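# Summary of structural features
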Amino acid sequence: QARRIATPRIDDRIANQARRIRRGRRVGDLTRFETVRLRTRLLAIRSARRVARFDGRVSRRERVRLRAMLDRNSKHIRRLRNNDRPRRAGRGRRT
């Protein structure tokens, strides 16, 4: 049985970014393509976290790498949600 390695700040940031992506799509700030791209990046971060936890501890270098990945993704989310593209009314979905 694998032991759960605590990375609460990283876990919180991942959850927060997932929320920001969902909200951006829901209000129409993000297109479907942008949403897929951001979710794919988040999936890569989750995968890197899993690899970092594999040996039973997350080293300082691994934490720095994960934080850098999260920083970059956060910047991408912010840029894509605020890129002044004309937005559709409603939930951002076609009916």
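Scoring rules and cut-offs
Positions within a chain are numbered from 1, following the residues in the order the chain's sequence is written. In view of the model being predicted, local features appear only for residues whose pLDDT reaches at least 70, and side-chain atom pairs are presented and counted only at 80 or more, with totals across whole chains, interfaces and linings using the full set of residues. As a rule here, side-chain values cover all heavy atoms of the structure and leave hydrogens and water aside. Every angle, taken between N-to-C directions, lies between 0 and 180 degrees, and every axis is a line fitted to C-alpha atoms, over only the stretch in contact when it is a helix. Strands here are runs of E lasting at least two residues and helices are runs of H or I lasting at least four, both read from the DSSP assignment and numbered beginning at the N terminus. Should an angle lie under 35 degrees it is considered roughly parallel, over 145 roughly antiparallel, and from 65 to 115 roughly perpendicular; all remaining angles are considered oblique. Every residue pair with non-hydrogen atoms within 4.5 Å of one another is taken to be in contact. Under the scheme applied here, ten amino acids are nonpolar (Ala, Val, Leu, Ile, Met, Phe, Trp, Tyr, Cys and Pro), four are charged (Asp, Glu, Lys and Arg), and all others, including Gly, are polar. Residues enter patches when they are more than 30% accessible in relative terms and free of salt bridges; like-charged ones are connected within 9 Å and nonpolar ones (Val, Leu, Ile, Met, Phe, Trp, Tyr) within 5 Å. Method for areas: the Shrake-Rupley scheme with a 1.4 Å probe, in which residue coverage is limited to the protein chains shown. Whenever Lys or Arg places a side-chain nitrogen within 4 Å of a carboxyl oxygen from Asp or Glu, that contact is recorded as a salt bridge. Neither His nor the chain ends is counted toward charge; the positive residues are Lys and Arg and the negative residues Asp and Glu. We put the charge of a Lys on NZ, of an Arg on CZ, of an Asp on CG and of a Glu on CD. The buried label applies to any residue whose accessible area, calculated with a 1.4 Å probe on protein chains only, is under 20% of its type's maximum; exposed applies above 50%, and partly exposed to all values in between. To estimate the expected span of a helix, count its residues, drop one, and scale the result by 1.5 Å.

This paragraph deals with the packing of helix α2 (residues 32-53) against helix α3 (residues 60-81). Direction vectors running N to C along α2 and α3 enclose 170°, while the axes themselves pass 10 Å from each other. The orientation of α2 relative to α3 falls into the category roughly antiparallel. Contact residues: Glu34, Arg37, Leu38, Arg41, Leu42, Ala44, Ile45, Ala48, Arg49 and Ala52 in α2; Glu62, Arg65, Leu66, Met69, Leu70, Asn73, His76, Ile77 and Leu80 in α3. Partitioning the contact of α2 with α3 into residue classes produces eleven nonpolar, two polar and six charged.

What follows is about a positive patch on the surface. A cluster of basic residues, Arg19, Arg22, Arg23, Arg26 and Arg39, forms a positive patch at the surface. The dominant element in the positive patch, judged by the number of residues it contributes, is helix α1 (residues 8-27), at four residues. Mapped onto the secondary structure, Arg23 falls in helix α1.

Turning next to the pattern of salt bridges. Side-chain pairs of opposite charge can arise whenever the charged atoms involved come near each other. Summed over the entire model, instances satisfying the criterion amount to four salt bridges. The partner of Asp11 in a salt bridge is Arg49, and the shortest N-O contact between them spans 2.8 Å. Pair noted here: Asp11 is in helix α1 and Arg49 is in helix α2, with a separation of 38 residues, a long-range link. In terms of burial, Asp11 and Arg49 fall into one category: buried. For Arg53, the salt bridge identified is with Asp11, shortest N-O distance 3.0 Å. Of the two residues, Arg53 is situated in helix α2 and Asp11 in helix α1; the sequence distance between them amounts to 42 residues. Of the two residues, Arg53 and Asp11, neither departs from the other in class, the shared state being buried. One network of salt bridges, in which partners are shared, links Asp11, Arg49 and Arg53.

Glancing now at α2. Three or four residues apart is the spacing at which side chains of an α-helix point the same way, because the helix has 3.6 residues per turn. Between its first and last C-alpha, α2 extends 31 Å over 22 residues, near the 32 Å set by a 1.5 Å rise per residue. In this fold, the buried residues of α2 make contact with α1 and α3.

Summarising the element assignment, Asn73 is placed in helix α3. Linking Asn73 and Ile14, residues 59 residues apart in sequence, is a C-alpha distance of 9.8 Å.

With that settled, the discussion passes to the environment of Ile10. If you trace the backbone, Ile10 turns up in helix α1. A C-alpha to C-alpha distance of 9.6 Å links Ile10 and Arg46, two positions 36 residues apart in sequence. With near-sequence residues (within four places) excluded, Ile10 lies in contact with Arg49, Arg63, Leu66 and Leu70.

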